[in-house]
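Coordinate analysis (summary)
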Amino acid sequence: RRILVAQILKWEKIKARIFIPDELSFEEGFKLNFYENLGTRDFNLIESAMAVSGFINRCKKEKELVQKKILPLLGFQSGSKILQQLLSLIRLVDEWKMLVVKKEISLPNAAKVSSFTPKDQRILFKAVSDLKLGENKLRQCLEMIDEICRRDEISFEQLFTSSPFTQLAQDEKLNITEKTELFRKALKARRYPEFTRQEEKFQKTRKKLTLPPSVRLEPPEFFEGDKLKVTFKFRSPEELRSILEKLETAAYSEALKSLLEML
């Protein structure tokens, strides 16, 4: 682009400066490189992490200065949390860095992954890379994995080489969506065993009500509350009357009493 501009301006020569080794200090060369690139393109998250790390760790700039002056230039708000998250990306192994560059993982989730050891990061990548996890589901999985390993005092390797994770990894009959949901369900059962048992008991008892598929009967979140929630859809007055009749029958059933006793 610079050559095209020079041609439009009818320049015959373009000045260039060549620096010999040690002519520039690290800080001078780093700043020259940073602003040169910043003026011509956007930085991805890994490059942004390298930039702020370079200013702080190599140029010895105060974090507060980098936070106020450099983050806005990179397109971020000047917050200490964002700065810490960016700095943490330096600890990511290459497999996770590639996902960050491809924008397949958010900054907060990448920062969480970076808190794990390089070995655990690679084990984690192998366990989840073939799954279809959105940002919220990935965040939940990362939190559960971390909490399980801390509580049970086990490594990531021990967790993912246990049942049912080994069976899931080897089952070729499952599609990505099925495998993802079973993976999350396995983590949830391991992290919240009592809640999972209660949930399974609730589901089993709810089936006894024989409600139409259009009717949803749900417990309070984590069974913390004393009320059940009913929602339903209908297309006609006749369908509505049918649903109401089913609900009235359910109101007198022993199954409903059992469901209420679980709360």
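Structural data are supplied above this passage.
The following paragraphs examine the structure supplied in this document. Along each chain, residues carry numbers from 1 onward, in the same order as the chain's sequence is written. Only residues with pLDDT of at least 70 are given local features in this predicted model, and only at 80 or more are side-chain atom pairs given and counted; all residues enter the totals for whole chains, interfaces and linings. Calculation of side-chain values draws on the structure's entire complement of heavy atoms; hydrogens and water are dropped beforehand.

What to know about helix α12 (residues 176-191)
Over its 16 residues, α12 runs 22 Å from end to end, which matches the ideal 22 Å to within 8%, given 1.5 Å per residue. Among the residues making up α12, those that are buried are Lys 179, Thr 180, Phe 183, Arg 184, Ala 186 and Leu 187. The arc that holds every buried residue of α12, seen down its axis, measures 155°, which confines them to one face. Whether two residues touch is decided by their heavy atoms; if any such pair falls within 4.5 Å, the residues are in contact. Helix and strand assignments come from DSSP, with helices taken as H or I runs of at least 4 residues and strands as E runs of at least 2, each series counted from the N terminus. Buried residues in α12 make contact with α8 (118-128), α9 (135-152), α10 (156-160) and α11 (165-170). N or O atoms closer than or at 3.5 Å make up a polar contact, with two conditions inside protein: a donor-capable atom paired with an acceptor-capable one, and, for residues adjacent in sequence, both atoms drawn from side chains. Between the side-chain oxygen of the N-cap and the backbone nitrogen of Thr 177 there are 3.1 Å, and the N-cap of α12 in question is Asn 175. Under the convention used throughout, the expected extent of a helix is 1.5 Å for every residue step, that is, one less than its residue count. Here's how the labels work: a residue is buried when its accessible area is under 20% of the maximum for its type, exposed when over 50%, partly exposed in between, all with a 1.4 Å probe on protein chains only. The directions from the helix axis to the C-beta atoms form the arc being described.

Topic: the side chain of Thr 205
Mapped onto the fold, Thr 205 is located in helix α13 (residues 193-206). A relative accessible area of 10% means that Thr 205 is categorised as buried. Non-local contacts of Thr 205, meaning those with residues more than four positions away in its chain, are made with Ala 255, Ser 258, Leu 259 and Met 262.

Here's the deal with the packing of aromatic side chains
To describe a pair of aromatic rings, one takes the distance between the centres and the angle between the planes. Classification of ring pairs uses Phe, Tyr and Trp, with its six-membered ring standing for Trp, and accepts pairs whose centres are within 6.5 Å; under 30 degrees between planes counts as stacked, over 60 as edge-to-face, and the remaining range as tilted. Applying the stated criterion across every chain yields a total of 11 aromatic pairs. Judged by centre distance (5.1 Å) and plane angle (85°), the ring pair of Phe 34 and Phe 55 falls under edge-to-face. Of this pair, Phe 34 sits in helix α2 (residues 26-38) while Phe 55 is found in helix α3 (residues 45-58), placing the two residues 21 residues apart along the sequence. This pair shows no difference in class: Phe 34 is buried, exactly as Phe 55 is. Aromatic pair Phe 232 and Phe 234: ring centres 6.3 Å apart, planes at 40°, arrangement tilted. Put simply, the rings of Phe 26, Phe 30, Phe 34, Tyr 35, Phe 43 and Phe 55 pair up and form one aromatic cluster. Here, a charge over a ring means that NZ of Lys or CZ of Arg falls within 6 Å of the ring centre while also lying within 35 degrees of the ring normal. The ring of Phe 26 carries Arg 58 above its face, with NZ or CZ at 3.9 Å from the centroid.

Here's the deal with the pairing of strand β1 (residues 215-218)
Residues Val 215 and Leu 217 line the buried face of β1, whereas the alternating positions Arg 216 and Glu 218 sit on a face that is not buried. Two strands are said to pair when DSSP picks up at least two bridges between them. Bridge count for β1 against strand β2 (residues 229-232) is 4 bridges, and the pairing is antiparallel. Looking at the pairing, Leu 217 lines up with Val 230 of β2.

Looking at the environment of Arg 58
When you line up the elements, Arg 58 lands in helix α3. A relative accessible area of 54% means that Arg 58 is categorised as exposed. Along the primary structure Arg 58 and Phe 26 are separated by 32 residues, whereas in three dimensions their C-alpha atoms are 7.7 Å apart. If we ignore the near neighbours within four places in the chain, the residues touching Arg 58 are Phe 26 and Ser 53.

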